[in-house]
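Residues per chain, in single letters:
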Amino acid sequence: MKEGVLLYNFASHPKTRQERVAFQAAHNFIILWADLFASIALLLIAIFEIPTLNIFQSSDVIRGVAAAEIICLCLCSINVMCSLAWAQWKSFLTSVYLFAIIFWFDQFFEALVVLGRGETHFRITRCFRPIFFILSPLATEVKAIFVDLLRSLKPIAKMMILLAIFILVFSIFGFYWFGLCERKEKGLYVQHKEDWYFHTFGETIVNLFVLVTTANFPDIAMPSLKKNSGAFLFFVVYLLIGVYFVANVILAAVSERFSFNSKADAKRKYLHKREGLRRAFEILDADETGTIDYNTFQGVLLRWNRFYSSKQILLCFKALDRKGQRRLALEEWYEVYNILCCSWHLKKSRHYGLFSEPNCHSHLKTIGRCVRKLSRSRYFIVFMYGIVVFDVILQIALAVVISKSRENCIKGGRESSQIYLEAFLHVSLAVYVIEALIKFVGQGFHYFTIAWNDIEFLLVVLNLLAFSFPGMMASSTMRSLRLFRLFNVSKTFRDTTSSMLHITPKMVRFLVAVLCVYYLFAIIGMEVFGGKVSLCGCTAVSHNSTVLVGENGTLTVKPISPVSYGCSDEQFLRLSPEEGSLTTVLFPNATGGLSECKPKSALECLESGGVDCDCRIVECGGAYSAYYDRTNPDGLYYLNNFDNIARAYSVLFELMIVNNWHVIMQGTTDAVNNEAARIYFFVFYIVTTIVLTNVVVAFVVAAFNSLFPMLIENRRLKKEEKSQFAESINTTVERRDRQVYYKISVSEGELKLVESIKKADVKFSYDGALDTTTGKRLTYKGKRRLEAIDVYHVLYRDEIKSWEKVDDGDAVDAARGLTTEEKKRRRARQLWKLVKSKLGSRELRLRVAWADKGKFYHETTL
């Protein structure tokens, strides 16, 4: 059963006692959580590694970080070693775990070297640390996302080749049209200064690639339009094809592949769990009656979770026994995974309203009924929606008034219109408080069982707390939260919000996957670009230089001391009192003071004794150098550096949203003085913006296509049509509010009998107990989260039936002991009958291929 739910290969089933012990140890919750925390701690170690703050660069700190890394690696290896003890080496080492083991040894020996030397070295392989987190047994959902990404790479690679050819063709046209202009002299060409976007073929390719992201438009078009207004046609055609056709084709290809992979993955998981339960059923059905009795079921649940009570076991059994036969058949046993996730509680009789209890006074009951009727009144609901809209208008008006009287707001004064608007907002808050009291009196404590009521009550409480504070920021912030009530105005809004809340856990897993990808690129950026981009715009000087005399008597200044950088703000904010603008750039000289940064001639250098001769400013960004110019108050792009993990994540986020990402790329390329640095940014753009973003969009579209119509349709369906399974004698299953509910009917005598028999430690004959027990009938309600399998039942309702039919046929073949060739022939006959039934008696010549679990087996001609 565990192999079925964990999607393990049944061929690696533990057979000996030692293997079973290792299997239990590998799935011990202490080892699992230790593995997860160790993998997360291993990622967080990058906070203290170089390049980072100077306080973390001492040898003692470096050795401490290396020791912590070794400890985390040892904890991560425990689960792998336990898995190796029970799993087959061949199946284990042919998977991604082989790469994890190789990387583990690499990191372990590198950490030992750092621990021994007391200083770090170039460790680019640190970027693969997220693999330990991805392969953690408690992070299987994140692993599944990366599997989907890998499966989507093939169509994306084909689309990227198409995009590359498209950019290459237009790059050739653009280079010859805009990069070179013909002179009057025949055969001679001259390059215009304003055409630097196309001044080389390499720059043309880079800038047109950036243009596909629309990050440098219309900057790239303006120089060409200055010479020829007809050049705009080139950019229009390029952007229409690249942005609105090729990009959407890539999205369509990813969406189609994602839908196909989702369906295939759903089939694989569904049938794997089904096979695991069937194998378990064959073992439990020792008497070969085709059913499981209560005692066997009780033993299985106690082995699954030893903390199950006798009442929980009985409720689970009755929830599965939908036909009331007091024994579980195989079809009922297939639902055991869903039942094991339920939490059970006694369903009490509903007394809506605060004064609806039987012992309340008659006058209070009358008041309660009136208030309950008022809270459900259509006019009351419409009135509250009007108050919400009125409150939104008031807040917009107040923001406009405050923005126009910003000077009075800073001085502490307020205009009369602002005072009146705030008074009306306080009145609307009082209306919200009265509404909450009316609903609470009318619905009682059942008021807090509705999610929207909880949100509205929380907003009222926060606004009341803010009302008690005189600070404007607290009150205005809490007032703005009332706008969330707009999501409850329309049913469409509520359905949309419910769908968003349902896919939020999956989106969180996508966010974790994105952070893992960020970590890979952040470590590479820290190793390659760390400590270099932050020097852009700084002063660079060698305090000691010498003057060399050439053969023809020329003098040359040659630095002989290391370069010293100056990046303090006081060097670049020295303003001229007359003009009010920056006049000079200063640098820290050899004496510790500040001097003007300007070049010295060879004679001046000789006169100064070779001290501070070659001061210069580190220029980055090329044509975008103004973004890195520290003399410019807006030149703050030097903060987009890779000096620590936090800065690296910030830069990568800016690159992912493709806003001025070409400026960051150009500045980083100039900082390292290597054009190959562009590859880093191109690869990151492809991985995140094209692959990750399109996969997320495809997932959101698929989720809304399945959940949003289901929420709308469920309001119109009858109760029996909303049931996930057919309503049985004592069990009803219902999906709503992102939960699955089970209703079980049981007698008090049954519960007492089961508990007494468990205390006496004797077997329970359930066949006779049902007829002999008496007492009041109780209704228990089980609840569990809406899982992916429930969504599969909605999305693939028809396909699941065919999956189950084929799976049952495979099980029959296995029971009969048919060979592989006999199974293929049997499937060929079944497929031929299906084709004839669909297409009639026409003669067909058909090549038929079939697959089993993704593996191609046979091909024949019928």
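Values in this document were obtained by computation on a predicted structure and should not be read as measured data. (Residues numbered from 1 in each chain as written. Predicted model: local features only at pLDDT ≥ 70, side-chain atom pairs only at ≥ 80, totals over all residues. Heavy atoms only, no water.)

## A closer look at the overall build of the protein chain
To keep it simple, the criterion reads: In this description a helix means any DSSP run of H or I spanning at least four residues, a strand means any run of E spanning at least two, and both kinds are numbered starting from the N terminus. Here the term buried applies to any residue with accessible area under 20% of the maximum for its type, exposed to any over 50%, and partly exposed to those in between, with areas from a 1.4 Å probe on protein chains only. Methods summary: accessible areas were calculated by the Shrake-Rupley approach with a probe of 1.4 Å, and residue burial reflects only the protein chains presented.
The number of helices and strands found in the protein chain is 32 helices and 17 strands. By the burial criterion, 41% of the 862 residues in the protein chain qualify as buried. Carbon and sulfur atoms form 62% of the exposed surface of the protein chain, whose accessible area is close to 47500 Å².

## Examining the packing of helix α17 (residues 362–375) against helix α20 (residues 416–443)
The description of two packed helices rests on the angle between their axes and on the distance between the axes. Counted only if it meets this: The angle between two axes is taken between their N-to-C directions and runs from 0 to 180 degrees, where each axis is a line fitted to C-alpha atoms and a helix contributes only its stretch in contact. Note on angle classes: values under 35 degrees are labelled roughly parallel, values over 145 roughly antiparallel, values of 65 to 115 roughly perpendicular, and the remainder oblique. Here is the rule for handedness: rotate from the far helix to the near one, and if that takes an anticlockwise turn smaller than a right angle the crossing is left-handed, while a clockwise turn gives right-handed. Residues are treated as being in contact if the distance between any of their heavy atoms lies within 4.5 Å. The classification used treats Ala, Val, Leu, Ile, Met, Phe, Trp, Tyr, Cys and Pro as nonpolar, Asp, Glu, Lys and Arg as charged, and all other residues, Gly among them, as polar.
Remark: α17 packs on α20, axes separated minimally by 8 Å, with the N-to-C direction vectors making an angle of 120°. Taken together, the axes of α17 and α20 lie oblique to each other. Crossing handedness for the pair α17 and α20: left-handed. Of α20, the residues touching α17 (which contributes Val371, Arg372, Leu374 and Ser375) are Ile438, Lys439, Val441 and Gly442. Its residues assigned to classes, the contact of α17 with α20 comprises four nonpolar, two polar and two charged.

## Brief notes about helix α13 (residues 294–304)
Filter applied, for reference: Arc, as used here, means the arc of the directions from the helix axis to the C-beta atoms.
Residues of α13 that are buried: Tyr294, Phe297, Gln298, Val300 and Leu301. For α13, the angular spread of buried residues about the axis comes to 165°, placing them on one side.

## Re the environment of Cys74
Following the sequence through the fold, Cys74 ends up in helix α4 (residues 59–86). Classification of Cys74 by relative accessible area gives partly exposed; the value is 36%. Sequence-wise, Cys74 and Ala38 are 36 residues apart; in three dimensions their C-alpha atoms are separated by 8.7 Å. Not counting the four nearest positions on each side in its chain, Cys74 is found in contact with Trp104 and Phe108.

## Some remarks on the packing of aromatic side chains
Heads up, the rule is: Note on aromatic contacts: the rings of Phe and Tyr and the six-membered ring of Trp form a pair at centre separations within 6.5 Å, being stacked when their planes are under 30 degrees apart, edge-to-face when over 60 apart, and tilted otherwise. Two thresholds decide whether a charge sits over a ring: the Lys NZ or Arg CZ must be within 6 Å of the ring centre and within 35 degrees of the ring normal.
Scanning the model with the defined rule gives 40 aromatic pairs in all. Residues Phe521 and Phe684 carry aromatic rings whose centres are separated by 5.1 Å and whose planes lie at 80° to one another, so their mutual orientation is edge-to-face. Of this pair, Phe521 sits in helix α23 (residues 491–529) while Phe684 sits in helix α27 (residues 678–714), and the two are 163 residues apart along the sequence. Of the two residues, Phe521 and Phe684, both sit in the buried class. Ring geometry for Trp661 against Tyr685: centres 5.5 Å apart, planes inclined by 10°, an arrangement best described as stacked. Note that Trp661 is positioned in helix α26 (residues 661–672) and Tyr685 in helix α27, a separation of 24 residues in sequence. Judged by its relative accessible area of 10%, Tyr685 is buried. Lying over the aromatic face of Tyr638, Arg630 brings its terminal NZ or CZ to 3.7 Å of the ring centre.

## A short note on the environment of Leu655
Locating Leu655 in the fold gives a position in helix α25 (residues 645–656). Between the C-alpha atom of Leu655 and that of Met665, which follows or precedes it by ten residues, the distance is 8.8 Å.

## Structural notes on the packing of helix α10 (residues 201–212) against helix α12 (residues 232–284)
Between α10 and α12, the shortest axis-to-axis distance is 9 Å and the interhelical angle comes to 60°. Between α10 and α12, the interaxial angle falls into the category oblique. In the crossing of α10 with α12, the sense of the turn from one axis to the other is right-handed. Residues Leu208, Phe209, Leu211 and Val212 of α10 pack against Phe234, Phe235, Tyr238, Leu239, Gly242 and Val243 of α12. Tallied by class, residues from the contact of α10 with α12 come to nine nonpolar, one polar and no charged.

## Comments concerning the side chain of Asn644
Heads up, the condition is: Residues adjacent in sequence count toward polar contacts only when both atoms are side-chain atoms; beyond that, a polar contact is any pair of N or O atoms within 3.5 Å, and within protein one must be able to donate a hydrogen and the other to accept it.
By secondary structure assignment, the location of Asn644 is in the loop between β12 (616–617) and α25. Within the structure, Asn644 has its side chain in polar contact with the backbone nitrogen of Arg647 (distance 2.8 Å). Aside from chain neighbours lying at most four places away, what touches Asn644 is Pro51, Thr52 and Met526.

## As for the nonpolar core
For clarity, the cut-off: Residues grouped as a nonpolar core are buried Ala, Val, Leu, Ile, Met, Phe, Trp, Tyr and Cys residues, joined through side-chain atoms within 4.5 Å.
With 87 residues, the main nonpolar core has Leu208, Tyr238, Leu652 and Trp661 as its most contacted residues. For Tyr238, the contacting residues outside a window of four places in its chain are Phe166, Ile167, Phe170, Leu208, Phe209, Leu211, Val212 and Val243. With 34 residues, the next largest nonpolar core counts Leu301, Trp344, Tyr742 and Leu786 among its residues.

## Considering the sheet that holds strand β6 (residues 539–542)
The condition that has to hold: The pairing criterion for strands is at least two bridges between them, as found by DSSP.
The strand order across the open sheet formed by three strands is β9-β6-β12, and the pairing between neighbours is antiparallel. Looking at strand neighbours, the two that pair on one side only are β9 (563–566) and β12, the edges of this open sheet. Note that β6 and β9 share four bridges and pair antiparallel. Residue pairing in the sheet places Val541 in a bridge with Ser564 of β9.

## Focus on the state of the cysteines
As a reminder, the rule being used: Criterion for a disulfide: a pair of cysteine sulfur atoms within 2.5 Å.
Considering all chains together, one arrives at four disulfides under this definition. Here Cys536 is linked by a disulfide to Cys620, with a sulfur-sulfur distance of 2.1 Å. In this structure, the disulfide formed by Cys536 and Cys620 twists by about -80° around the S-S bond and is classed as left-handed. Taken together, the positions of Cys536 in the loop between α23 and β6 and Cys620 in the loop between β12 and α25 put the pair 84 residues apart, joining distant regions of the chain.

## Description of the pattern of salt bridges
Test applied: By salt bridge we mean one thing: a side-chain nitrogen of Lys or Arg within 4 Å of a carboxyl oxygen of Asp or Glu.
Tallied over the entire structure, the rule returns 14 salt bridges. Residue Arg123 pairs with Glu110 through a salt bridge whose shortest N-O separation is 2.9 Å. Of the two residues, Arg123 is situated in the loop between α6 (97–117) and α7 (130–134) and Glu110 in helix α6; the sequence distance between them amounts to 13 residues. Ionic contacts of the salt-bridge type, sharing partners, join the residues Glu49, Glu69, Glu110, Arg123, Arg126, Arg129 and Glu527 into one network.

## Quick word on the pairing of β6
Neither face of β6 is exposed, since Thr539 and Val541 on one face and Ala540 and Ser542 on the opposite face are all buried. Bridge count between β6 and β12: two bridges; the pairing is antiparallel. Paired with Thr539 across the strands is Ile617, a residue of β12.

## Comments concerning a nonpolar patch on the surface
Put simply, the rule reads: In this analysis, a patch consists of residues with relative accessible area above 30% that form no salt bridge, clustered at 9 Å for like charges and at 5 Å for the nonpolar side chains Val, Leu, Ile, Met, Phe, Trp and Tyr.
A contiguous nonpolar patch, built from Ile161, Ile165, Leu168, Val169, Ile172, Phe173, Tyr176, Trp177, Phe201 and Ile205 and spanning about 950 Å² of accessible area, is present on the exposed surface. Elements represented by at least two residues in the nonpolar patch include exactly α9 (153–179) and α10. Broken down by element, the residue count for the nonpolar patch peaks at eight residues, all from α9. If you trace the backbone, Ile161 turns up in helix α9. Assessed through its relative accessible area of 53%, Ile161 is described here as exposed.

## Regarding unusual backbone geometry
A cis amide bond links Phe217 with the next residue in sequence, Pro218, at an omega value of 10°. Structurally, Pro218 is set in the loop between α10 and α11 (222–227). Positioned with a positive phi, Thr214 is a non-glycine residue whose angle comes to about 60°. Mapped onto the secondary structure, Thr214 falls in the loop between α10 and α11. For Asn673, which is not glycine, the phi dihedral falls at a positive 55°. Structurally, the position occupied by Asn673 is in the loop between α26 and α27.

## Examining the confidence of the model for the protein chain
Our working definition: Residue-level confidence of the predictor is summarised by pLDDT, bounded by 0 at the bottom and 100 at the top.
Across the protein chain, pLDDT averages 76, with 77% of residues at or above 70. Every residue in residues 717–730 is under pLDDT 50, and counting partners more than four places away or in other chains gives 31 contacts. Within the model, the stretch residues 841–862 combines pLDDT values under 50 with 37 contacts to residues more than four positions away or in other chains.

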